[in-house]
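Listed below, chain by chain, are the residues.
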Amino acid sequence: MFESLIGLVAIIALFVIISRQRSRIGLIERELGALRSLVLSGVHVAPPQAKPVEQAANDSTPADAAIAAVTDIAPPAAGEAAAEEKPPTQVEAGEAASGPWAAGEAAPAGPAPAQPAAATAKAAQKPDIETALGTRWAVWVGGIALALGGLFLIRYTIEAGIFGPGVRLSMAAMLGLVLVAVGEFIRRTGFKVPVQGVAGAYIPAILTAAGAFILFGTVYAAHGVYGFIGPALAFTLLGAIGVATIAAALVHGQALAGVGLLGAVVTPMLVASQAPNPWALFGYLAIVLAATGVIARLRDWKLLMAAAFVGTGLWTILYMTDAPGTNLPVVLFINAVTLAVLALVWLGRRGGEAGPASGFDWPSVAPGFFVGLSAMALFVDPAYAAGDALPGAALIAALVAVALYRPLALALLHAAGLATVLVYLGIIPPTSVASDFSGGALGVDGLPAAVADTLMLRIGIFLGLVFIAAGFWAARKFAASAHIRAASWAAWEVVAPLVILLALWFTFGNLDRDLVYAAVAALLMVVFATGGEWIARGEQPPLRGGAAVSFALGGAAVAALLMLYMAFGSGWTTMLLGAAAIVPALATRWRAYPVLGWISVAAVIAVLGRIAFDPTIVGAEFLSRTPVFNWLLLGYGVPALAFGFAAWQLARTTNGRPRLAMEAGAALFAVLTVAILVRHAMHGGVIDTGAATLAEQAIYTLIAIGAGAILVAIDMRSPSLVLRYGSLAAGVVSVAFIVIQHFVALNPLFTDESTGRIPVFNLLFLAYLLPAIAAGGLALYARDKRPKWYAAMLALMAALLAFVYATLSVRRLFKGEFVGLWSGLGQLETYTYSALWLIIGVALLTAGVWLKSQVLRVASAALISVAVLKVFLFDMSELEGVLRALSFIGLGAVLIGIGLFYQRLLTRAARGSSV
């Protein structure tokens with residue numbers, strides 16, 4: 001079936017080629033006539049510049065070659081003849097060196113054909129089905145057919161019984177050797193360059209690959225099928241064929257090297273042994289890896305090198321997970337060879353190459369991944385790590401050392417850092433990592449990820465020092481020339497030690513308070529800060545405060561945070577953490593590093609997280625019931641003052657968005673301080689009462705209003721659509737809170753909730769007066785900065801809140817702590833409401849005129865109208881005697897006063913217009 005398919009493809013290709021020869025011959029004849037005309041007319045045709053072999057191959061077509069041959073007939077000028085002549089030895093050398101060289105390789109240069117006419121060159125660049133069939137597809141299918149043909153020949157002789165097994169294998173081996181020889185013969189004598197666009201269809205390479213494929217199959221059949229040769233000899237022969245095929249790629253191209261590498265890597269799977277020797281296996285793989293590295297290095301074949309690392313790494317992981325016995329020296333040997341090939345062979349110094357400060361070697365990702373995985377397994381797997389995790393630590397240190405020695409292998413640093421972090425996070429109890437590789441997991445099922453003993457503590461100290469020393473040295477070295485590389489080193493030199501410290505503290509330390517680990521964290525803080533300054537002095541320009549410096553100083557900030565948590569209780573931690581925001585802000589007086597302001601902002605976020613975890617600061621059972629003067633004042637007030645000072649300091653030094661964020665944090669914590677102290681005093685020292693209360697909702701409302709004000713302020717100084725629409729959303733949310741919760745759902749008039757025993761600072765103060773002041777202030781501040789409807793909405797809500805506060809305060813005056821509606825109304829209370837509403841209406845009118853706010857004047861008119869309706873509809877029937885008379889007298893006096901007030905305003909306006 002396959003032979004018929006090959007024949008059909010060949011017939012179709014032949015038919016297409018013949019059918020198109022006529023048009024191409026006509027094209028050649030026309031071009032030939034044009035060139036002859038130029039020669040006869042005496043016009044000089046300049047010879048083309050010599051090109052590299054591959055470029056000449058890519059710029060040639062069969063038509064171009066024919067035209068070039070004709071142009072060679074034209075006699076060159078006398079001065080050019082000598083220049084074009086070439087000694088025969090040079091020509092032979094050029095022919096012998098021809099092949100599908102990769103881009104960027106040095107290829108022998110030879111005389112290139114003359115350039116054809118512009119029209120012909122343009123036509124030659126168009127896709128041509130004939131070229132595809134005749135040059136690429138035919139060669140590829142032919143190579144596959146030759147390889148399979150050898151196997152089919154062996155199969156046929158077996159089925160027909162023509163020859164014995166020995167003869168059949170000998171014939172197959174002879175066919176493989178003949179194909180290799182023919183490929184070499186064609187390369188040396190009759191094949192100089194490939195056709196345009198078909199470097200992948202290089203005939204000598206394909207013939208050699210087919211021969212190697214047949215030889216692989218022959219040796220394997222001799223061992224695995226017939227048993228003519230033993231495992232040792234078969235292993236040796238297969239390895240030799242693989243290595244020889246890889247070596248032949250020096251003249252035949254990278255594709256052949258891939259064939260040889262695949263065969264060499266698969267060879268150990270093809271040859272089984274009753275007593276497998278891991279040293280023989282990994283010694284063989286080391287030889288293959290080294291040979292591949294040398295060849296890939298000579299030709300700069302990155303894909304081949306990466307494939308070799310992957311093959312070796314897969315064998316290592318398979319051996320560590322599936323081998324019945326473990327041999328630690330073998331594992332260390334193959335990983336050491338992998339790193340040595342990477343550092344000494346593949347990344348060896350190259351003449352004329354750009355300095356190590358730039359670039360990234362992506363093939364080093366493979367050894368980084370597999371060596372890092374092996375290091376983790378040496379920690380995780382009890383078969384290796386039982387009683388001794390030093391080999392895993394040695395591999396991690398080796399990764400860091402190679403990354404330091406060969407800066408292009410930055411992937412090794414990331415692999416070492418990630419392996420360290422995962423290992424030390426794994427010792428935090430309770431941690432369990434599954435390790436059945438065949439089941440798709442990694443680790444040890446049901447066992448700790450690493451042995452949490454004192455050895456792990458000492459190894460952690462060692463690895464932390466390795467990362468700190470190497471990281472700072474490399475970050476300083478590359479700070480001026482390679483910012484990303486310097487930042488990577490600086491990042492891992494702070495991340496790895498901090499994770500190790502955190503893991504050791506959780507595993508061996510006292511989580512309540514541990515002064516020893518706090519001292520270590522303080523030492524790290526000093527080291528990171530000093531190292532950041534040292535790195536900054538190596539920048540260009542100095543003290544610029546780039547990414548590497550930012551990572552170092554950020555690590556110092558995290559170390560300070562850990563120190564506070566390790567050394568102090570929850571109350572002191574919250575207070576000192578807020579006060580710590582001052583330190584980086586003050587540091588901006590001497591250094592204008594951008595990260596300093598953001599460290600202060602990080603302190604705000606950390607305090608917010610601390611408060612969200614425990615709003616009582618010290619725990620509900622330890623919080624004093626004394627109003628105001630308790631841990632809440634320190635836990636909320638000290639950060640508010642510190643954030644305000646930090647904002648003030650940043651405004652005078654670096655300014656920018658960190659300053660705005662600190663202002664926002666100061667405002668937010670100021671509001672939270674007042675709100676939480678009021679709630680504490682109102683509930684007798686209890687912050688969280690469980691059920692939703694009006695006091696709790698009041699705090700949320702104040703936060704929403706405060707957030708709206710903060711966003712408006714930041715947006716005015718640093719405009720942003722996010723800030724603009726965020727402030728509008730905060731205002732709308734706060735109004736929704738007020739309408740739904742304050743006025744209806746949680747209104748003490750309907751719920752009969754206790755308003756508190758304190759006369760002024762009670763629930764009504766917190767839930768109505770404070771939000772009224774906040775909404776009114778925001779309306780006034782946003783008056784010319786936001787749409788009119790926004791300011792009008794807030795102003796109206798402020799007026800309503802003030803109205804409700806005054807009304808409920810009157811009712812509390814008459815009813816006491818509980819003001820539920822079902823307790824009824826007294827005549828004096830009813831009259832007081834009328835008088836109060838009229839007073840509030842007049843106050844709103846005055847404020848509206850003074851502030852030139854139409855919303856307040858309209859609210860005044862609406863409130864006075866309500867008071868009028870109440871007097872005529874309610875007071876007339878409910879009040880008796882002097883209270884009824886005083887109600888109408890007061891109403892009349894207020895209305896007449898309002899009329900006189902408006903008349904005077906109109907008179908003044910008329911006089912002003914007449915003047």
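Values in this document were obtained by computation on a predicted structure and should not be read as measured data.

What about unusual backbone geometry?
Here is step 1 of the chain: Omega for the peptide link from Q540 to P541 comes to 0°, which places this bond in the cis form.
Here is step 2 of the chain: The phi dihedral of D300 falls on the positive side, at around 55°, and the residue is not glycine.
Here is step 3 of the chain: You can see D300 is positioned in the loop between α12 (278-299) and α13 (302-322).
Here is step 4 of the chain: For D300, a relative accessible area of 33% gives the class partly exposed.

Topic: the confidence of the model for the protein chain
Here is step 1 of the chain: Counting all residues, the mean pLDDT for the protein chain is 75, and 64% of those residues have values of 70 or more.
Here is step 2 of the chain: For the stretch residues 129-138, pLDDT sits under 50, and the model shows 21 contacts to residues farther than four places along the chain or on other chains.
Here is step 3 of the chain: The low-confidence segment residues 431-449 (pLDDT under 50) makes 38 contacts with residues lying over four places distant or belonging to another chain.

Let's talk about the environment of V732
Here is step 1 of the chain: Relative to the helices and strands, V732 resides in helix α29 (residues 721-745).
Here is step 2 of the chain: The partly exposed category is assigned to V732, whose relative accessible area is 39%.
Here is step 3 of the chain: Expressed as a C-alpha distance, the spacing of V732 and G708, which sit 24 residues apart in the sequence, is 9.2 Å.
Here is step 4 of the chain: The contacts of V732, once residues within four sequence positions are left out, are W789 and M793.

Regarding the packing of aromatic side chains
Here is step 1 of the chain: Summed over all chains, the structure comprises nine aromatic pairs.
Here is step 2 of the chain: Centroid distance W572 to W631: 5.9 Å. Interplanar angle 80°. Geometry classified as edge-to-face. Taken together, the residues span a long stretch of sequence, with W572 in helix α23 (residues 570-579) and W631 in helix α26 (residues 631-651) at a distance of 59 residues.
Here is step 3 of the chain: With centroids separated by 5.2 Å and ring planes inclined at 80°, the aromatic side chains of F643 and F669 adopt a geometry described as edge-to-face. Here F643, found in helix α26, pairs with F669, found in helix α27 (residues 657-682); they are 26 residues apart in sequence, far enough to count as distant. As far as the burial class goes, F643 and F669 line up, both buried.
Here is step 4 of the chain: Across the ring face of F478, the terminal group of R485 is positioned such that the distance to the ring centre comes to 5.6 Å.
Here is step 5 of the chain: Lying across the ring of Y781, K785 places its NZ or CZ 4.3 Å from the centre.

A closer look at the packing of helix α17 (residues 390-405) against helix α18 (residues 410-426)
Here is step 1 of the chain: Between α17 and α18, the least distance of the axes is 8 Å, while the angle of their chain directions is 155°. In terms of orientation, α17 lies roughly antiparallel with respect to α18. Once α17 is placed against α18, the crossing between them reads as left-handed. Counted together, I396, L399, V400, V402 and A403 of α17 and L412, L413, A415, A416, A419 and T420 of α18 form the full contact between these two elements.
Here is step 2 of the chain: Its residues placed into classes, the contact of α17 with α18 shows 10 nonpolar, one polar and no charged.

Notes on the pattern of salt bridges
Here is step 1 of the chain: Enumeration over the complete set of coordinates arrives at six salt bridges.
Here is step 2 of the chain: For D300, the salt bridge goes to K302, with nearest N and O atoms at 3.3 Å.
Here is step 3 of the chain: Salt-bridge contacts for R537 lead to E533; the nearest nitrogen and oxygen are separated by 3.2 Å. Of this pair, R537 and E533 are both found in helix α21 (residues 515-537), four residues apart, which corresponds to roughly one turn of the helix.

Rules and cut-offs
Residues numbered from 1 in each chain as written. Predicted model: local features only at pLDDT ≥ 70, side-chain atom pairs only at ≥ 80, totals over all residues. Heavy atoms only, no water. Helix = DSSP H or I, 4+ residues; strand = E, 2+ residues; numbered from the N terminus. Buried < 20%, exposed > 50% of the residue type's maximum accessible area, 1.4 Å probe, protein only. pLDDT = per-residue confidence, 0-100. Contact = heavy atoms within 4.5 Å. Phe/Tyr/Trp six-rings, centres within 6.5 Å; stacked < 30°, edge-to-face > 60°. Lys NZ or Arg CZ within 6 Å of the ring centre and 35° of its normal. Axes fitted to C-alpha atoms, helices over the stretch in contact; angles between N-to-C directions. Parallel < 35°, antiparallel > 145°, perpendicular 65-115°, else oblique. Left-handed = near helix turned anticlockwise from the far one by under 90°. Nonpolar A, V, L, I, M, F, W, Y, C, P; charged D, E, K, R; others polar. Salt bridge = Lys/Arg side-chain N within 4 Å of Asp/Glu carboxyl O.

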